[in-house]
Amino acid sequence: VCSSDLEAGAVIVARLGGVDFCAPVTTDSRGGWILPLGTVGSGTYNLDIIATDAAGNSTKSSIALVVDADRPANATSFLISPDTATAGDFITSATEVILSGSAEVGAVVQVKVNGVAQSLASVSNTGTWSIPIRLSVEGDNKIWVSVIDLAGNPCDASTFFIKRDSLAPLAPMVSGISPDTGESAIDRVTSSEFVSLAGLAEPGSIVSVEMDGNAAG
């Protein structure tokens, strides 16, 4: 839609390359007009807006119209910092992390954590962005990310999870040693200088053993 204020009763038409781009309209009693351009595909258009009064006098203004109706690509290359487990596994002991990634230059990135909107992040001229977010629950936090380009087109959002694990694991339990050569199989008495310990601990955790204050194993 194009519009402005001109002489009342003038006929307004938009032309592209000398060809009428849409049907003409007539200005109202105050000189106002609205010219619906209809469906316009993505691209750059150099339009001539021509006003002609009742006496046949014409005047022309030229405008550049940029149409971008294409959805941007979604953000990629997500990272968090600190990622305190294995790099790239999105498991952290931190409550607040920096979420970063890549997206279309000049776009705006929207982020939600467990359905709660965070601050907007602007994509730099190198195609990168970052935003501080708060992981509100212990365990899995659902992350929703969408990109809005300069024309206001949103992409299809992507979702993933960041796991917050800020609680210390339960103490590991030793269930036995091998070989256990004492009177019973569970008395933890052995004649061997080399033994193996077995037990239970939090799944996925790393168990380290110290003997008299020194690392063992």
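Placed above this text is the structure.
Residues numbered from 1 in each chain as written. Predicted model: local features only at pLDDT ≥ 70, side-chain atom pairs only at ≥ 80, totals over all residues. Heavy atoms only, no water.

S.K.: Quick question: what am I supposed to make of the environment of glycine 32 here?
M.R.: Mapped onto the secondary structure, glycine 32 falls in strand β5 (residues 32-35). Residue class for glycine 32 comes out buried when judged on its relative accessible area of 15%. Along the chain, glycine 32 and alanine 10 lie 22 residues apart, while their C-alpha atoms are 9.6 Å from each other. (Helix = DSSP H or I, 4+ residues; strand = E, 2+ residues; numbered from the N terminus. Buried < 20%, exposed > 50% of the residue type's maximum accessible area, 1.4 Å probe, protein only.)

S.K.: Just checking my understanding: could you explain the layout of surface pockets for this structure?
M.R.: Summary: where empty space remains is shown by rolling a probe the size of a single water molecule over the atoms. Its boundaries defined by the atoms lining it, the largest pocket holds a volume of some 420 Å³. Lining the largest pocket are 16 residues, and of these Ala85, Asp165, Glu202, Gly204 and Ser205 lie nearest its centre. Taken together, the residues of the lining of the largest pocket sort by class into 6 nonpolar, 6 polar and 4 charged. (1 Å grid on protein atoms, 1.4 Å probe; cavity = no way out; pocket = protein on both sides within 12 Å on 5 of 7 lines; lining within 4 Å. Points joined across faces, edges and corners; volume = space filled by probe spheres on them. Nonpolar A, V, L, I, M, F, W, Y, C, P; charged D, E, K, R; others polar.)

S.K.: What should I look at first to understand the nonpolar core in this one?
M.R.: Nonpolar side chains in soluble globular proteins tend to be buried together. By size, the foremost hydrophobic cluster in this structure holds 24 residues, and its most contacted members are Leu99, Val109, Val111, Trp129, Ile133, Ile143 and Val145. Ignoring anything within four residues of it in the chain, the contact list for isoleucine 133 reads Thr95, Glu96, Val97, Leu99, Val111, Val113, Gln118, Ile143 and Ile162. (Core = buried A, V, L, I, M, F, W, Y, C linked by side-chain atoms within 4.5 Å. Contact = heavy atoms within 4.5 Å.)

S.K.: Looking at this structure, how should I read a nonpolar patch on the surface?
M.R.: Where nonpolar side chains cluster on the molecular surface, the patch consists of Val174, Leu197, Val207 and Val209 and spans about 310 Å² of accessible area. Tracing the backbone shows leucine 197 in strand β18 (residues 196-200). (Patch = residues over 30% accessible without salt bridge, like charges linked within 9 Å, V, L, I, M, F, W, Y side chains within 5 Å. Areas by Shrake-Rupley, 256 points an atom, 1.4 Å probe, with all protein chains shown as cover. Salt bridge = Lys/Arg side-chain N within 4 Å of Asp/Glu carboxyl O.)

S.K.: Would you explain unusual backbone geometry in this entry?
M.R.: Across the chain, the bulk of peptide bonds are trans and the bulk of non-glycine residues have phi less than zero. The amide bond that connects serine 81 to the next residue, proline 82, takes the cis arrangement and shows omega of 0°. Within the secondary structure, proline 82 is located in the loop between β8 (76-81) and β9 (91-92). Phi is positive for serine 77, which is not a glycine, with a value near 55°. With respect to the helices, strands and loops of the structure, serine 77 is situated in strand β8. The phi torsion at asparagine 114 lies on the positive side, around 55°, for a residue other than glycine. Its location among the elements puts asparagine 114 in the loop between β11 (108-113) and β12 (116-117).

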